[in-house]
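Spelled out from the first residue to the last, the chains are:
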Amino acid sequence: LGIGDKPLLLSFGGSLGARHINEAVTELIKRLGSSGDFYHIHAAGSAGYKTMLEALGDTKLSEYTDVREYINNMDVCMAAADLVICRAGAITLSELCCCGKPSVLIPSPYVAENHQYHNAMALVRRGAAEILEEKDLTGEKLCQKVEEIFSKPGGVEDLGRNAKKMAILDAN
C-alpha cells in the first residue's frame, strides 16, 4: 500500500456498513486521525458512506486517513493491517485467524441467538482478539481500546500470534 512504517488500522462493518461502528470510528478518526500516528482505512458501507463524510465535516484529517464506501482490495488491506476493527461473523474471523491479524471485534447484536458474540468470545478467550460490545461502543472506548493494544508491550504481536494459532488452514 506504500504507507511506510506507520501502523495500519483497518475498520469495516460490512458492505452496507454498520451505523454504530461508523459513529465510533468517526470519533476515532476525529481524535487520532489528525495525529498521523496511524494509517487508517475505513469502509463505511453503501448505507453509511455519505453520512459518515458529513459527520466528519470540517475535521482536519491526516493524509493517512482513507474513508471509503467499500474496500475493493480487501486482500491487500487485510494483509497490510496491523489491527482490524470489525464485526464477528464466522468467515471474517476465519480470515483474521488465517492471516494472523489482531482485532477489536464488535459483534452484531442483531443476529440469531447473538452468535457473533459467541464467535468473538472464542478468540477473546484465547488471547487472539479484544471485544467491544455494541451496547458499550463509543468513540472514546474504541480509542482507548486501540491505544491500549498499541501501548501494551507485545500487544499487537501477541493477539496476532494467538489468532494465527487458531487458524485451520486445511478445512474440508
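Fair warning: this is a prediction, and the values are worked out from it, not measured in the lab.

1. Considering the sheet that holds strand β3 (residues 65-68)
Alright, step 1. Taking strand neighbours across the sheet as the criterion, the 6 strands line up as β3-β2-β1-β4-β5-β6 in an open arrangement whose pairing is parallel. Of all strands in the sheet, those bounded by a partner on one side alone are β3 and β6 (130-131).
Alright, step 2. Packed on one face of the sheet, helix α2 (residues 49-56) meets β2 (39-43) and β3 and runs near 145 degrees to β3.

2. A look at the side chain of Ser 108
Alright, step 1. The topology assignment puts Ser 108 in the loop between β5 (103-105) and α5 (115-124).
Alright, step 2. Judged by relative accessible area, Ser 108 falls into the buried class, the value being 10%.
Alright, step 3. At 3.2 Å, the side chain of Ser 108 forms a polar contact with the backbone nitrogen of Tyr 110.

3. Focus: the pairing of strand β4 (residues 83-86)
Alright, step 1. Covered by surrounding structure in β4 are Leu 83 and Ile 85 together with Val 84 and Cys 86, the residues of both alternating faces.
Alright, step 2. Across 3 bridges, β4 lies against β5 in parallel orientation. Bridge assignment links Ile 85 to a residue of β5, and that residue is Val 104.
Alright, step 3. One crossover worth recording links β4 to the parallel β5 by way of helix α4 (residues 90-99), and it is right-handed.

4. Focus: the state of the cysteines
Alright, step 1. The final tally for this structure, using the stated rule, is 0 disulfides.
Alright, step 2. This cysteine, Cys 143, is not joined by any disulfide, and Cys 86 carries the nearest cysteine sulfur, 17 Å off.

5. Side note on the nonpolar core
Alright, step 1. Within the largest apolar cluster, 26 residues are counted, with the highest numbers of intra-cluster contacts made by Leu 10, Ile 41, Val 84, Leu 96, Leu 105 and Leu 123.
Alright, step 2. Among the elements of the structure, β1 (8-12), β2, α3 (74-80), β4, α4 and α5 are those that each provide at least two residues to this core.
Alright, step 3. Judged by nonpolar contacts, the second largest core, of 25 residues, contains Ala 24, Val 25, Val 146 and Leu 159.

6. Section: the pattern of salt bridges
Alright, step 1. Taken as a whole, this structure holds 6 salt bridges when the rule is applied.
Alright, step 2. A salt bridge links Asp 158 to Arg 161; the shortest N-O distance between them is 2.5 Å. Highlighted residues: Asp 158 and Arg 161, both in helix α7 (residues 155-166), separated by 3 residues, approximately one helical turn.
Alright, step 3. By relative accessible area, which is 33% here, Asp 158 ends up partly exposed.
Alright, step 4. Taking the relative accessible area as the measure of exposure, Arg 161 reaches 45% and is therefore partly exposed.

7. Section: the packing of aromatic side chains
Alright, step 1. Applying the stated rule across the entire model yields 2 aromatic pairs.
Alright, step 2. For the pair Phe 38 and Phe 150, a centre-to-centre distance of 5.0 Å together with 65 degrees between the ring planes defines the contact as edge-to-face. Here Phe 150 lies in helix α6 (residues 139-151) and Phe 38 lies in the loop between α1 (19-32) and β2, a separation of 112 residues in the sequence.
Alright, step 3. Looking at Phe 38, the relative accessible area reads 12%, which means it is buried.
Alright, step 4. For Phe 150, a relative accessible area of 25% corresponds to the partly exposed category.
Alright, step 5. For the pair Tyr 39 and Tyr 64, a centre-to-centre distance of 6.1 Å together with 65 degrees between the ring planes defines the contact as edge-to-face. Remark: Tyr 64 occurs in the loop between α2 and β3 and Tyr 39 occurs in strand β2; sequence separation between them is 25 residues.
Alright, step 6. With relative accessibility at 15%, the residue Tyr 39 sits in the buried group.

Cut-offs used in this document
- Residues numbered from 1 in each chain as written.
- Predicted model: local features only at pLDDT ≥ 70, side-chain atom pairs only at ≥ 80, totals over all residues.
- Heavy atoms only, no water.
- Pairing = 2+ DSSP bridges.
- Helix = DSSP H or I, 4+ residues; strand = E, 2+ residues; numbered from the N terminus.
- Contact = heavy atoms within 4.5 Å.
- Axes fitted to C-alpha atoms, helices over the stretch in contact; angles between N-to-C directions.
- Buried < 20%, exposed > 50% of the residue type's maximum accessible area, 1.4 Å probe, protein only.
- Polar contact = N/O pair within 3.5 Å; in protein donor to acceptor, adjacent residues only side chain to side chain.
- Right-handed = clockwise from strand over helix to strand, strands pointing away.
- Disulfide = S-S within 2.5 Å.
- Core = buried A, V, L, I, M, F, W, Y, C linked by side-chain atoms within 4.5 Å.
- Salt bridge = Lys/Arg side-chain N within 4 Å of Asp/Glu carboxyl O.
- Phe/Tyr/Trp six-rings, centres within 6.5 Å; stacked < 30°, edge-to-face > 60°.

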